[in-house]
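Chain residues, written in single-letter form:
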Amino acid sequence: MIRIDVNRLNEGQKLSSPVLDSRGRLLIGEGVPLDSRMIKHLRELGLQFVPIAVPGYEDITPLEAISRKVEMFMKKEANEIIRAARKTAIINPERIINAVDYVINDMLAKSKTGIVVDDLRTNKEFIFNHLTRVCIYAGILGTALGLNDLRLRTLMIIAYLHDVGLALIDDENVLNGSYITDIPSYKIKEHPKLGRDLCNRAGFPFIVNQSIYQHHERLDGKGYPRGISGKDITFYAKIVSVVDVYDILTSPLPNRKPFLPNEAIEFVMALSDSAFDKDVLRVFLKKVVPYPPGTLVLLSDNQICVVKECNNNLPLRPILKTYAYLDNKQVKYVEEPRVIDLKEHLNLTIVGLIDSSGKIIDYEASNISNKLRDYDEFSTENNESDKKNQKKKILRFKRSIKLIDKNKR
């Protein structure tokens, strides 16, 4: 599997994973040759990347914090929770607790987990996907922070219900995410209070209700609804606020494309001194995945590789599989791919990846590389000569190389 920009899809290519809606209904099946109608539909769904089956790379699969079956169950439950709350202003706490316990058991059974963006999220019925993903992300972060079983369950209930107050706002834009703007309306700013009151009536503990009420507060006091700061914000709300922002940034919305993971990480880190708790952010940066499996990356030695697996707690040191290399300004594909574990090859670094337009993103000039190196004990600083050489390689790549799909050779 290799992640391909939807704008570079060609007829005859096959998806390596099915595209489902939030209710689990099949939209486009796995292994079905794409035609022009299907490709157009994928673009209309708001997808940015899709996983394509490529010979020789069948062993590369998406990183999943939980199984697809459990994730679809959570989305269906979120659908029922929101729709029931809209009709009756009542939520069922027992149903919510059982759903969270279900996902915890599945998540803890995974040997490798990370906060990784799901490429196959559509811009339809955003809210159900959002509640599910924030719950999963919070669970991964809470586990990494060492929360015990009770506190982990509490955190994930809060994350699953953090936006439940939106169900009581009479605005159809809530379901597809059109309500998300730089300046939320007065009506939208009411959802933390509405969610708190809804959960209070359902009999949830005070800490759950209070944390839901505070998930849009900021450490510097510039959040809402009360503008409180620092120690007045619960630890649970501090965790949810980070993953909430990250998921919104990386989600497809009707009014914009999703940000790439590295772009979203940059945004989150830009708020590290004002909005987010530094201890929470430090662990978040260890668990977030800037290079999801299937991503094409450029190495410092001119090799072009596909990310095969993620190394736990080492976001800049994934396991790769060779795909091609640069030779005199030309891309040449490898005949026999080999595996490179960057944890074992400290002389190699990722200097860029292919973005949605097929260009290289230069991390040497980006804040993300410096920030993430602080949390990567295996990273080594390159000398100034190495950095200049890497920049020249990337510039040369940008000017003269246009990657084509391997199966078009």
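Note that this is a predicted model, so its numbers are computed, not measured. (Residues numbered from 1 in each chain as written. Predicted model: local features only at pLDDT ≥ 70, side-chain atom pairs only at ≥ 80, totals over all residues. Heavy atoms only, no water.)

With respect to the pairing of strand S6 (residues 303–309)
Counting buried positions along S6 yields six of seven residues, so the element is predominantly enclosed. One ladder, built from three bridges, connects strand S5 (residues 296–299) with S6; its direction is antiparallel. Bridge pairing links Leu298 to Ile304 in S6. Hairpin connection between S5 and S6: a loop of three residues separates the two successive antiparallel strands, and Asn302 in this loop has a positive phi of roughly 80 degrees. (Buried < 20%, exposed > 50% of the residue type's maximum accessible area, 1.4 Å probe, protein only. Helix = DSSP H or I, 4+ residues; strand = E, 2+ residues; numbered from the N terminus. Pairing = 2+ DSSP bridges.)

Some thoughts on the nonpolar core
Counting residues in each nonpolar core, the largest one holds 72 residues, and the members touching the most others are Ile91, Val103, Tyr160, Leu161, Tyr246 and Phe284. If one sorts the elements of this core by residue count, helix H4 (residues 126–144) sits on top with 11 residues. Setting aside its immediate chain neighbours within four residues, Tyr160 contacts Met74, Glu77, Ala78, Ile81, Ile96, Ala99, Val100, Leu131, Thr132 and Cys135. Of all hydrophobic cores here, the second largest spans 31 residues; its members include Val6, Leu296, Val306 and Tyr323. (Core = buried A, V, L, I, M, F, W, Y, C linked by side-chain atoms within 4.5 Å. Contact = heavy atoms within 4.5 Å.)

A short note on the pairing of strand S4 (residues 49–52)
Of the two faces of S4, the one carrying Phe49 and Pro51 and the one carrying Val50 and Ile52 are both buried. Relative to S4, strand S1 (residues 2–5) is paired through four bridges, and the arrangement is antiparallel. Paired with Asp5 across the bridge in S4 is Phe49.

A word on unusual backbone geometry
Going from Tyr224 to Pro225, the amide bond is cis rather than trans, its omega being 15 degrees. Structurally, Pro225 is set in the loop between helix H8 (206–214) and helix H9 (235–249). Located in the positive-phi region is Ala89, a residue other than glycine, with phi close to 60 degrees. Note on Ala89: relative accessible area 29%, which makes it partly exposed.

Some remarks on the packing of aromatic side chains
Applying the stated criterion to the full structure yields six aromatic pairs. Seen from their ring centres, Tyr323 and Tyr333 are 5.4 Å apart, and the 90 degrees between their planes marks the pair as edge-to-face. Taken together, the residues Tyr323 in strand S7 (residues 319–327) and Tyr333 in strand S8 (residues 330–333) connect sequence positions 10 residues apart. In this structure Tyr333 comes out as buried when scored by relative accessible area, which is 13%. Taken together, the ring pairs in this structure connect Tyr57, Tyr323 and Tyr333 into an aromatic cluster. When the ring centre of Tyr213 is taken as reference, the NZ or CZ atom of Arg196 above it lies at 4.2 Å. Positioned above the aromatic ring of Tyr57 is the side chain of Lys321, whose terminal nitrogen or guanidinium carbon lies 5.3 Å from the ring centre. (Phe/Tyr/Trp six-rings, centres within 6.5 Å; stacked < 30°, edge-to-face > 60°. Lys NZ or Arg CZ within 6 Å of the ring centre and 35° of its normal.)

Honestly, that's just the spatial picture; any functional story needs more than this.
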